[in-house]
Structure formats: C-alpha cells, structure tokens
Amino acid sequence: MIDIRTFMLVLAIGNIGFAMLVAGYARSAPMPAALRVWAWAKVVLGCAHLLGWLHPDLPYFVVPLFANTAMIVGTALELAAYCIFFRFAGWKPVLVPCTVLALLIFHSARYGGASSNQAMVLMSIIIALYTGAMASILLRPDKSYSLLRRLIGVNDLIFFCAIGLRGYTGMVQGQMTMFTPGLVNSMTFVAGFLLMIVNSFGFLLLCKEEDDRTMALLATTDSLTGLVNRRAFFERTESARLLATRLRSPISLMMVDIDHFKKLNDRFGHATGDEALCVFADTARTALREHDIMGRLGGEEFALVLPGTDLEGAMQAAERLRSAVSAAVLPTSGNQYTMTVSIGVVVIGPNEHINSALARADHALYAAKSAGRDRVETGAPSMHVAC
C-alpha cells in the first residue's frame, strides 16, 4: 500500500511548487484575477497537506485545527477561481457563507466530541461537494466548451467519486482516519495527486486558451463596432466565395456608406459620429441573417456578404437594412438627426476576385449617392463566368 503520510508531503510540495511557478509567470505578465486566486488556493492546500504530514510528530491542538481549516478554505478558493474565470455573477454571496458554514459545522463536530472517523467522513463530504461543483462547472456545455475543459472536468469528477467513496466507506466501516492504510484511502490520495497535476497545469492552460481567444478577437474585430475588420472580412469572404462556387450557389455583396457622415461629425461632434457607427452596426446585425458576413472596411464604409443570396434577395435585404437604419435614433443628437445609408449591391462571380466585386459594388454605391442618397443601386454584372 502507498505510504499515505509520504503522499501528503508530495501533495504539499506539488501544490506549493505550482504556486511558485505561477508567481514566476506573473513577473513577466499581468496575472488574471482567477489565476491569482488559484495560486493562493494552491498555497493554502499545500500548507494543509504539510500540516497533515507534520501532525503525527506535532500532536498539538492547533495543528489539526489549521490543517482542516486550510483544506476547506483552499478547496473553496479553487471553486472561487473557476467562478471568476467563467465570470459567474453573484458567486460570493453563495460561496463565502457556505464556506463559513462548512468550517463551523466541521469544527463544531470535531471539537464537540466527534471521533476521528466521523471527522474524516464529514471532511470527505465537504470536499466532495466543492469538487462536484467544480466538475459541474467544467463539464457544463457552452460556447467555450473545449477538450481541455472536459479533461479537467473529468479529473474533478474522478476525485469527486474517490472522495465520496472514502466518506461512504468511513461511514460503513466506522474505523477510518486520514492515515488509515487501505485501498480506498490510497485511491483517494492517487486521485488527489492527479487532481493536483492535471488541474494545476490545466488551469494555467485554460487561462492561456482564454488569452489566445482574446488576442484572436482583437486581431479580427473592429474595436468600435464589434464587426470584423478589413483583414478578417476578406478572409471570410474568400472562404464563403469558394464554398459558393463548389455548391454552385449565388453569393451577393453590398457596399454601404453612411450618408453625410462628415457633416454629422461637424454638427454634433465625434462622439455622435462614433455612436452612429455603432448604431448602424447594431441595426445591421438585427436586420440581416446570422451567417451573413459584415465588416467595417474603414471610416463610415461597410461591406456585407450574403451567402446563398441572388441579386433579387440581396436587393430586398438591402432595402430592409436601409429602412431599419432610417428608423434608428441617435440619442446624443437629441433625436434631431435621421441617419441614412446608400448601398451598392452586386452578385460575386464564380471566379471573380473579391477586389473586383468590391469595385463593382463601389461604383453602384456612388451611383446611389449621385442619385440623391438613402437608396439602393445595383452594379454592373460580373464578367467572370464559371469554368
């Protein structure tokens, strides 16, 4: 059987070592709040295991008191780190009172005459509840549900089962303590070791995964409107065009320009100009389909690609967008200004480069402006035909 006391020392060194690793990482980059709480959780849990390892040699009243307190608080901090990382609102009013209650129940039982076995069972139940909550958070499907999250969540689930089995065995046998040798206790500490390794490095990788997503978003998104930027628009449009060519499906393009945008800026200020850009972006998101590609090419100029849409359908969508923009309001202008847009619409040819299609749509856009603005015009047909 595993020497459980030695295993506790390994867990203590591992947890504290990971916290030191995170502290070293923080010296070269700002540490996210969730990772900071996670590092403190590792320090507290490491101290709990270290005190547990020292307990037989230091049989003082304060040693098990601090060790058990640190075990509950450290596990609660791990759960708190997940709540912060996944941006759960209102977790503090739930987690903090529950942790205080868990401490009161455990210490009241432990120092109110409960046996070592009963204390071990109670501690197992408390830790199982925290670990089960962590597993449910990680295994909850959502937009950021990744393989890494599943691996960490399954690891938490394994530890939840192991610690739960330990508590059940203690209730049935009535003779277990933390240091009692046996298969169940050994399994629990092995699962705890896996929890430390997988969760420690897994949480660091989760933070890196989040940073990578943020960087990718910044690289492809216009910061003011939230639309894709020029580079991302061209990349996504080319992919959509190639797919449309393979499927022999139509694909249309709009060029959109906010009318008299310079006058709007001069009359109401740049804050209202920025508001107009954002209002247009929000209106377009509502008026168009989810899979349509919409990007800000620069200034007040936007482009939209409608996969699977022919010229007639694109004209209808453009009119729908034009009407929706005219009905939108700009609060900072005191509702004294009606924003309008001019739109040029073309169908992208099967073998046409996006720059050629944009040029045709741009000509149609200027035709709309020349004809009085707040209108939709179609461009010349593409000279590119399917091979």
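Within each chain, residue numbers correspond to sequence positions counted from 1 in written order. Local features in this predicted model are restricted to residues of pLDDT 70 or higher, and side-chain atom pairs are both shown and tallied only at a pLDDT of 80 or more, whereas totals for entire chains, interfaces and linings draw on every residue. Side-chain descriptors were evaluated using all non-hydrogen atoms of the structure, hydrogens and water having been removed beforehand.

Student: Please provide a residue-by-residue account of the sheet that holds strand S2 (residues 293-298), values included.
Tutor: Strand-to-strand pairing in sheets goes through backbone hydrogen bonds, with the strands running parallel or antiparallel. Only when DSSP finds a minimum of two bridges between them are two strands counted as paired. A run of DSSP states H or I qualifies as a helix once it reaches four residues; a run of E qualifies as a strand once it reaches two. Both are numbered from the N-terminal end. Spatially, the 5 strands line up as an open sheet ordered S2-S3-S1-S4-S5, and their pairing is mixed. Two strands in the sheet have a free side with no partner beyond their single neighbour: S2 and strand S5 (376-378). The sheet shows a mean angle of 20° between the axes of neighbouring strands, taken without regard to direction. Alignment of strand S1 (residues 251-258) against strand S3 (residues 301-307), held across 7 bridges, turns out to be antiparallel. Paired with Ile251 across the two strands is Pro307, which belongs to S3. Of the strands in this sheet, S1, S2, S3, strand S4 (341-347) and S5 are in contact with helix H12 (residues 354-370), which crosses S4 at around 140°. To obtain an axis, a line is fitted to C-alpha atoms, over the contacting stretch when the element is a helix, and the angle between two such axes runs from 0 to 180 degrees between their N-to-C directions. Contact between two residues is taken to exist if any of their heavy atoms lie within 4.5 Å; hydrogens are not considered.

Student: Any chance you could break down the pattern of salt bridges for me, citing the residues and the numbers?
Tutor: Two side chains with opposite charge may pair up if their charged atoms get near one another. Between Lys or Arg on one side and Asp or Glu on the other, a salt bridge is scored when a side-chain nitrogen of the former is within 4 Å of a carboxyl oxygen of the latter. A full pass over the atoms with the stated rule returns 14 salt bridges. A salt bridge links Arg87 to Glu210; the nearest nitrogen and oxygen atoms lie 3.3 Å apart. Of this pair, Arg87 sits in the loop between helix H3 (62-85) and helix H4 (92-110) while Glu210 sits in helix H7 (residues 183-220), placing them 123 residues apart in sequence. Linking Arg289 and Asp292 is a salt bridge whose minimum nitrogen-to-oxygen distance equals 2.7 Å. Buried residues are those whose accessible area, probed at 1.4 Å on protein chains only, stays under 20% of the maximum for their type, while exposed residues exceed 50% and partly exposed ones sit between those limits. Note on Asp292: relative accessible area 12%, which makes it buried. One continuous salt-bridge network, built from bridges that share partners, spans Asp257, Asp259 and Lys369.

Student: With reference to specific residues and values, describe helix H11 (residues 311-327).
Tutor: Compared with an ideal rise of 1.5 Å per residue, which puts 17 residues at 24 Å, H11 spans 24 Å between its outermost C-alpha atoms and is within 8% of the ideal. All buried positions along H11 are accounted for by Ala314, Ala317, Ala318, Leu321, Arg322 and Val325. Axial view of H11: buried residues confined to an arc of 140°, hence all on one face. The exposed set on the far side of H11, more than 90 degrees from its buried face, consists of Glu312 and Ala327. The span expected for a helix works out to 1.5 Å for each residue beyond the first. Of all possible arcs, the one meant is that of the directions from the helix axis to the C-beta atoms.

Student: Give a description of the side chain of Asn68 that names residues and reports values.
Tutor: Position of Asn68 among the secondary structure elements: in helix H3. Asn68 sits in the buried class, given a relative accessible area of 12%. Once residues within four sequence positions are removed from consideration, Asn68 is found in contact with Phe106, His107 and Met123.

Student: Lay out the nonpolar core in plain terms, naming residues and giving numbers.
Tutor: Counting residues in hydrophobic clusters, the biggest one holds 43 residues, and the most contacted among them are Ile72, Leu79, Tyr82, Phe85, Tyr130 and Phe203. Of all elements in the fold, only helix H1 (4-26), helix H2 (33-54), H3, H4, helix H5 (116-138), helix H6 (147-173) and H7 reach the threshold of two or more residues within this core. The greatest single-element share of this core, amounting to 10 residues, is contributed by H3. Every residue in contact with Ile72, bar those within four places of it in the chain, is listed here: Thr99, Ala102, Leu103, Phe106, Met123, Ile126 and Tyr130. Formed by 31 residues, the second largest nonpolar core is a distinct cluster that contains Met254, Ala317, Met339 and Val341. Think of a nonpolar core as a cluster: buried Ala, Val, Leu, Ile, Met, Phe, Trp, Tyr and Cys residues, connected wherever their side-chain atoms sit within 4.5 Å.

Student: An account of the environment of Met315 is needed here, citing residue identities and associated values.
Tutor: Along the chain, Met315 falls in helix H11. In this structure, the C-alpha to C-alpha distance between Met315 and Ile343, residues 28 residues apart in sequence, is 9.4 Å. Sequence-distant contacts of Met315, that is, excluding residues within four places in its chain, are made with Val345, Val376 and Thr378.

Student: Residues and numbers for unusual backbone geometry, please.
Tutor: Positive phi values are uncommon outside glycine, yet Arg87 reaches one of about 55°. On the basis of relative accessible area, Arg87 is assigned to the exposed category, the value being 62%. Unlike most non-glycine residues, His260 shows phi in positive territory, near 50°. In this structure, His260 sits in the loop between S1 and helix H9 (261-268).

Student: Give me the pairing of S1: which residues, what numbers.
Tutor: In terms of residue burial, S1 counts as a mostly covered element, since 8 of its 8 residues are buried. Judged by which residues are buried, S1 turns out to be covered on both faces: Ile251, Leu253, Met255 and Asp257 on one side and Ser252, Met254, Val256 and Ile258 on the other are all buried. Note that S1 and S4 share 7 bridges and pair antiparallel. Residue pairing across strands places Ile258 opposite Val341, the latter belonging to S4.

Student: Hey, could you go over the environment of Ile343 for me, with residue numbers and the actual values?
Tutor: Considering the arrangement of structural elements, one finds Ile343 in strand S4. Since its relative accessible area comes to 0%, Ile343 is described here as buried. Considering only alpha carbons, one finds Ile343 and Met255, 88 residues apart in sequence, at a separation of 5.6 Å. Aside from chain neighbours lying at most four places away, what touches Ile343 is Met254, Met255, Val256, Ala318, Leu321, Arg322, Ala364, Leu365, Ala368, Arg375, Val376 and Glu377.

Student: Give me the lowdown on the packing of aromatic side chains, citing residues and values where you can.
Tutor: The geometry of two aromatic rings is summed up by the distance between their centres and the angle between their planes. When the centres of two rings from Phe, Tyr and Trp lie within 6.5 Å, Trp using its six-membered ring, the rings pair. Their planes under 30 degrees apart give stacked, over 60 give edge-to-face, and anything left gives tilted. Scanning the model with the defined rule gives 10 aromatic pairs in all. Judged by centre distance (5.5 Å) and plane angle (75°), the ring pair of Tyr82 and Phe203 falls under edge-to-face. You can see Tyr82 sitting in helix H3 and its partner Phe203 sitting in helix H7, a full 121 residues away along the chain. An aromatic cluster is defined as three or more aromatic residues linked by ring pairs; in this entry it consists of Trp38, Tyr82, Phe85, Phe86, Phe88 and Phe203.

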